[in-house]
Amino acid sequence: MSSPQLGKLNEENEPEEEASQPLNHATAPATASETESPMRISVSERKKMKNKKNKERKKKKKKAAARDAAAATTHSVESQISEKTTSSLLTLQSTAVSTLREFLVESLEESPATMVEEAWYGLRESIVIYEGKPVGTLAAMDSTKEPLNYNQVFVRDFIPAGLAFLMKKPAEPEIVKNFLLKTLHLQGREKKVDNFTLGEGVLPASFKVSTDSPDGKETIVADFGGSAIGRVAPVDSGFWWIILLRAYTKCTGDHTLRERPEVQKGMRLILKLCLSDDLDTFPTLLCADGCSMIDRRMDGGKELLERIAKRIAALCFHIQQYYWLDFKQLNNVYRYKTEEYSHTAVNTFNVMPESIPEWVFDFMPSSRGGYLIGNVSPARMDFRWFLVGNCIAILSGLATDKQATAIMDLIEERWDDLIGEMPLKIAYPALEGDEWRTITGCDSKNTRWSYHNGGSWPTLLWLLASACSKTGRLQIAKRAIELAEQRLSKDGWPEYYDGKTGKYIGKQARKFQTWSMSGYLIAKMMVENPNNVSLLSIEGGLSRSTSDNHSG
């Protein structure tokens, strides 16, 4: 497709008047090629050419007008935010969202090259302003559905958006810094859900800017799970917050932020939530399916670093030894003896071979590939594949180099299962039948191959591309990006896709989902500049990183 500059140049060199006039070879000297083979264009062909140019001009004008209108509306919102009432603000926001939607719909037929511009445009339009400063991005901007809490800033959802602002050239770290400080401030609030006081270190799941106070002053309303469906507390917000803080520090070189006393205190409080000593015999956290593993609580100074080094080393051993599954290990589990009583027992967790699901035998390649399974507990192993955990294991060094390579091999070997028609499967396979009824409680949103139960999430492109960059397998990321570019923009940037291959837009998916846009942007920037992975990767692995910090 021609660029706007090239299109303008063509219009200047080929005026409309000339295109409408018949060719007159007698009025201009003919070249040798014209003398040998004169060019003839029929009247109907000239009309088609003219109509095509007129359509292109109208499309460009309409697109430019949509951009100008959206920019004007956004400026109006920001300039009047301290003066307008709540109802006026909602009207302005609705207008901005509608204008954005019109612009994005106009761009649906554009080439993949313009998807980057479209994604950046949508990401910027989602920015939330508080006291004149950007503090985050809305979760989604779908004006066709009830907003629920999608019109709030989610801590988890902002992570890829923040990383995108850090990776772009030039970087825009201000919004990331403001977000980190504002959410840290919210950590200090009293947090109660149904009269139960949450841990001191809990960060909110989301927050919104409100002007409902009597004086019309802006306030931030945080949700710590009290308004969430099922009253689910935000277990992972604090961990993502620390990851973003580290990325900000590595991008800007600004160490003063992380060294602030309130920031140091905030990190310690986050760790205290699930690093407390108890009667567990393993360095992993008892948690719901699909959650990340983490180590136990430590307290400040030299003792903190010593205890982290010891416990992280134990965690690495535990995950690499007991969670790893490849063809050889699967065959070993299949042949396990049970009821072994000795410190030399091979079947450490007394796993019953009969508990191995049938699907895993076909799923596991015999030649190459492997992965870290979902969970291990006495007598049972959760053999499901979880993309987030495996990619983070690669980036953090929790997986060995050999295991990291095998994980990428598995993705290639089982492309149709794990990537399908729209990247990427959050988990594989889906729970069905009695297993679905028992584990999900007949959750209608998590039916088979939907949402968190085997749904396909485009935002996960950023994690895949990052893992590909660290392992030197960028061709996998490029292939997944090209697949997403075929539909993601045309479908209106959905939150997730349903179906075994990710063929259908999710039944409850919001469109114009911010982290679908930012996930795509990070993946593109990661492929263009693989060094971006340094913002996320821990070189040398967790054990070496903690021991190096201790020795320093």
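These lines cover the structure that appears in this document, whether it is placed above or below. Within each chain, residues carry numbers counting from 1 in the order of the written sequence. Per-residue local features are limited, in this predicted model, to residues with pLDDT of at least 70; the limit for side-chain atom pairs, both in listing and counting, is 80 or more; totals at the level of whole chains, interfaces and linings are taken over all residues. Only hydrogens and water are removed before side-chain values are computed, so all heavy atoms of the structure are retained for them.

### Some remarks on the pattern of salt bridges
Every case where a carboxyl oxygen of Asp or Glu lies within 4 Å of a side-chain nitrogen of Lys or Arg is listed as a salt bridge. All told, the structure shown has 14 salt bridges when counted by the stated rule. We note a salt bridge from Arg473 to Glu412, for which the minimum N-O separation is 2.9 Å. Here the residue Arg473 occupies a position in the loop between helix H19 (461-471) and helix H20 (474-485), and Glu412 occupies one in helix H16 (residues 401-413), the gap between them amounting to 61 residues. Accessibility here uses a 1.4 Å probe with only protein chains present; expressed as a share of the type maximum, an area under 20% marks a residue as buried, one over 50% as exposed, and anything in between as partly exposed. Residue class for Arg473 comes out buried when judged on its relative accessible area of 12%. Beyond isolated ion pairs, a larger network of salt bridges with shared partners links Arg368, Asp409, Glu412, Glu413 and Arg473. Where helices and strands are cited, they refer to DSSP runs of H or I of at least four residues and of E of at least two residues respectively, numbered from the N terminus.

### Notes on the packing of helix H7 (residues 155-167) against helix H8 (residues 174-187)
Axes here mean lines fitted to C-alpha atoms, for a helix over just the part in contact, with angles spanning 0 to 180 degrees between N-to-C directions. Close contact between H7 and H8 brings their axes to 9 Å; oriented N to C, the two are set at 150 degrees. The angle between H7 and H8 places the two elements in the roughly antiparallel class. Crossing of H7 over H8 shows left-handed handedness. Judged by residue contacts, Val155, Phe158, Gly162, Phe165 and Leu166 of H7 engage Ile175, Val176, Phe179 and Thr183 from H8. Grouping the constituent residues of the contact of H7 with H8 by class yields 7 nonpolar, 2 polar and no charged. Each angle is binned into one of four classes, with values under 35 degrees roughly parallel, values over 145 roughly antiparallel, values of 65 to 115 roughly perpendicular, and all other values oblique. Two helices cross in a left-handed way if the nearer one is turned anticlockwise from the farther one by less than a right angle. They cross in a right-handed way if the turn is clockwise. Contact definition: two residues touch when any of their heavy atoms are within 4.5 Å. Residues are sorted three ways: Asp, Glu, Lys and Arg are charged, Ala, Val, Leu, Ile, Met, Phe, Trp, Tyr, Cys and Pro are nonpolar, and all the rest, Gly among them, are polar.

### Points about the packing of aromatic side chains
Stacked, tilted and edge-to-face are the three classes applied to pairs of Phe, Tyr and Trp rings, where Trp contributes its six-membered ring and a pair requires centres within 6.5 Å; stacked means planes under 30 degrees apart, edge-to-face means over 60, and tilted covers the rest. Here the structure, examined in full by the defined rule, presents 17 aromatic pairs. Judged by centre distance (5.6 Å) and plane angle (65 degrees), the ring pair of Trp359 and Phe363 falls under edge-to-face. Note that Trp359 and Phe363 are positioned in helix H14 (residues 358-363) at a spacing of 4 residues, about one turn of the helix. Residue Trp359 is classed as partly exposed on the basis of its relative accessible area, which comes to 24%. Among the aromatic residues, those joined into a cluster by ring pairs are Trp359, Phe363, Tyr371, Trp385, Tyr428 and Trp449. The ring of Trp120 carries the charged tip of Lys168 above its face, separated from the ring centre by 5.7 Å. The rule for a charge over a ring is simple: NZ of Lys or CZ of Arg within 6 Å of the ring centre, and within 35 degrees of the ring normal. Across the ring face of Trp415, the terminal group of Arg479 is positioned such that the distance to the ring centre comes to 3.9 Å.

### Description of the packing of H19 against helix H21 (residues 514-528)
Close contact between H19 and H21 brings their axes to 7 Å; oriented N to C, the two are set at 20 degrees. Classified by the angle their axes make, H19 and H21 are roughly parallel. Once H19 is placed against H21, the crossing between them reads as left-handed. Facing Leu461, Trp462, Ala465, Ser466 and Ser469 of H19, the residues of H21 in contact are Gly519, Tyr520, Ile522, Ala523 and Met526. Partitioned by chemical class, the residues of the contact of H19 with H21 number 7 nonpolar, 3 polar and no charged.

### Describing the pairing of strand S10 (residues 380-386)
Extensive coverage of S10 is indicated by the burial of 6 of its 7 residues. Being paired, for any two strands, means DSSP has found at least two bridges between them. Note: strand S9 (residues 370-377) against S10, 4 bridges, orientation antiparallel. The residue bridging Ile373 from the neighbouring strand is Trp385, located in S10. Between the end of S9 and the start of S10, which pair antiparallel, lie 2 residues, with Ala379 showing a positive phi angle near 75 degrees. With 2 bridges connecting them, S10 and strand S11 (residues 427-428) associate as antiparallel partners. When the bridges of S11 are listed, Phe386 appears paired with Ala427.

### Some words on the state of the cysteines
Here, a disulfide means two cysteine sulfur atoms that sit within 2.5 Å of each other. One pass over the structure, following the stated rule, counts 0 disulfides. In this structure Cys391 is not part of a disulfide, and its nearest cysteine sulfur, from Cys468, lies 7.5 Å away.

### Digging into the side chain of Ser466
Along the chain, the position of Ser466 falls in helix H19. By relative accessible area, Ser466 is classed as buried at 0%. What Ser466 contacts, discounting residues up to four positions off in sequence, is Leu395, Met526, Val533 and Leu536.

### Thoughts on the sheet that holds S10
Taken together, the 4 strands give an open sheet; going across it, the order is S8-S9-S10-S11, and neighbouring strands pair in antiparallel fashion. The sheet is open, and its two borders are formed by strand S8 (324-326) and S11, each paired with just one other strand. In this sheet, S9 lies alongside S8 in antiparallel orientation, the contact comprising 3 bridges. The residue of S9 that forms the bridge with Asp326 is Gly370. Where helix H13 (residues 327-334) meets the sheet, its contacts fall on S8 and S10, and the angle it forms with S8 comes to roughly 100 degrees.

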